[in-house]
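Given next are the chains, with one letter for each unit.
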Amino acid sequence: MALAEAILAALIEKPCSGYDLAKRFDGSVGFFWKATHQQIYRELTKLEELGFISAERVHQEGRPDKKLYNVTEEGKAHLREWIAKPGEIGPMKDELLVKLFAGYVVPVQTMLAELENHRAQHLERLATYREIEQKYFKNPETLPIEGKYVYLTLRQGIRSETEWLAWCEEAIAFLS
């Protein structure tokens with residue numbers, strides 16, 4: 001997947017500025033597709049040049065004008081076409097797994113500390129996902145179709161974090 005499609009997916013909800021999009025990206029698509037704010041701004045320029053988004057300048061008192069970006073019909077068509085294409089499983093890129101693969105070159109306590117560090121991070125992310133679920137998805141069966149798709153991505157995040165925690169605990173016990 002390219003960053004362009006991730007941005008279109010985040011922007012399709014409603015028009016917003018680049019700043020607001022970057023914040024929205026961090027709190028939604030950003031959980032499973034990482035991009036810096038600089039990368040997002042660069043990609044917005046490209047998407048505008050391709051005609052996939054349009055920008056409306058909004059005057060602000062005492063501050064620079066801002067651009068409100070909106071997905072165009074051409075952008076929606078591109079997103080629909082991209083969604084309809086069969087996808088492939090993405091490559092797993094995980095620093096912890098590379099460290100673990102070569103972990104025998106350091107004392108076992110070093111790897112145990114790194115596993116504990118990751119366990120804590122996964123606990124924190126799982127708590128964030130659970131908070132989102134409690135705040136926005138108390139009755140998922142009653143959601144409109146758009147909400148059901150968003151809920152499914154959240155459920156995958158919860159399952160993934162739960163599995164990571166189980167694996168971390170297994171690895172810690174195995175190496176202890």
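Quick note: structure is the one above.
## With respect to the overall build of the protein chain
Now for step 1: Per the secondary structure count, the protein chain includes seven helices and two strands.
Now for step 2: Listed by position from the N terminus, the elements making up the protein chain come as α-α-α-β-β-α-α-α-α.
Now for step 3: For the protein chain, whose C-alpha radius of gyration is 20 Å, the value lies well above the compact-globule estimate of 16 Å for 176 residues.
Now for step 4: Along the longest, intermediate and shortest principal axes, the C-alpha atoms of the protein chain span 60 × 40 × 40 Å.
Now for step 5: Put simply, the protein chain has 176 residues, and 31% of those count as buried.
Now for step 6: Of the roughly 12200 Å² that the protein chain leaves accessible, carbon and sulfur atoms contribute 56%.
Now for step 7: Positive and negative charge centroids in the protein chain, built from 23 and 27 side chains respectively, lie 3 Å apart.

## Quick word on the environment of Glu-169
Now for step 1: Assignment of secondary structure puts Glu-169 in helix α7 (residues 145–175).
Now for step 2: Residue classification places Glu-169 among the partly exposed residues on the basis of a relative accessible area of 39%.
Now for step 3: For the pair Glu-169 and Glu-116, spaced 53 residues apart in sequence, the C-alpha separation works out to 8.5 Å.

## Digging into the environment of Val-58
Now for step 1: Relative to the elements of secondary structure, Val-58 occurs in strand β1 (residues 53–60).
Now for step 2: A relative accessible area of 23% places Val-58 in the partly exposed class.
Now for step 3: Along the backbone, Val-58 and Val-98 are 40 residues apart, and their C-alpha atoms lie at a distance of 47 Å.
Now for step 4: Discounting chain neighbours no more than four positions away, the residues touching Val-58 are Asp-65, Lys-66 and Leu-68.

## Concerning the packing of helix α1 (residues 3–11) against helix α3 (residues 37–50)
Now for step 1: For the pair α1 and α3, the least separation of the axes is 10 Å and the interaxial angle reads 90°. With respect to each other, α1 and α3 are oriented roughly perpendicular. Touching Leu-3, Ala-4, Ile-7 and Leu-8 of α1 are Gln-39, Ile-40, Glu-43, Leu-44 and Leu-47, all from α3.

## Re a nonpolar patch on the surface
Now for step 1: Taken together, Tyr-104, Val-105 and Val-106 make up a surface patch of nonpolar side chains, about 350 Å² in accessible area.
Now for step 2: One can find Tyr-104 in the loop between α5 (95–101) and α6 (108–136).

## Structural notes on the packing of aromatic side chains
Now for step 1: One pass over the structure, following the stated rule, counts three aromatic pairs.
Now for step 2: Measuring from centroid to centroid gives 5.4 Å for Trp-164 and Trp-167, while their planes differ by 90°, and the two rings are edge-to-face. With Trp-164 and Trp-167 both in helix α7, this residue pair falls three residues apart, about one helical turn.
Now for step 3: A residue is classified by how much of its surface remains accessible, and Trp-164, at 16% relative accessible area, is buried.
Now for step 4: With relative accessibility at 23%, the residue Trp-167 sits in the partly exposed group.

Thresholds, definitions, all that
- Residues numbered from 1 in each chain as written.
- Predicted model: local features only at pLDDT ≥ 70, side-chain atom pairs only at ≥ 80, totals over all residues.
- Heavy atoms only, no water.
- Helix = DSSP H or I, 4+ residues; strand = E, 2+ residues; numbered from the N terminus.
- Rg over C-alpha atoms; globule rule 2.2 N^0.38 Å.
- Buried < 20%, exposed > 50% of the residue type's maximum accessible area, 1.4 Å probe, protein only.
- Areas by Shrake-Rupley, 256 points an atom, 1.4 Å probe, with all protein chains shown as cover.
- Lys, Arg positive; Asp, Glu negative; His and termini not counted.
- Charge placed at Lys NZ, Arg CZ, Asp CG, Glu CD.
- Contact = heavy atoms within 4.5 Å.
- Axes fitted to C-alpha atoms, helices over the stretch in contact; angles between N-to-C directions.
- Parallel < 35°, antiparallel > 145°, perpendicular 65-115°, else oblique.
- Patch = residues over 30% accessible without salt bridge, like charges linked within 9 Å, V, L, I, M, F, W, Y side chains within 5 Å.
- Salt bridge = Lys/Arg side-chain N within 4 Å of Asp/Glu carboxyl O.
- Phe/Tyr/Trp six-rings, centres within 6.5 Å; stacked < 30°, edge-to-face > 60°.

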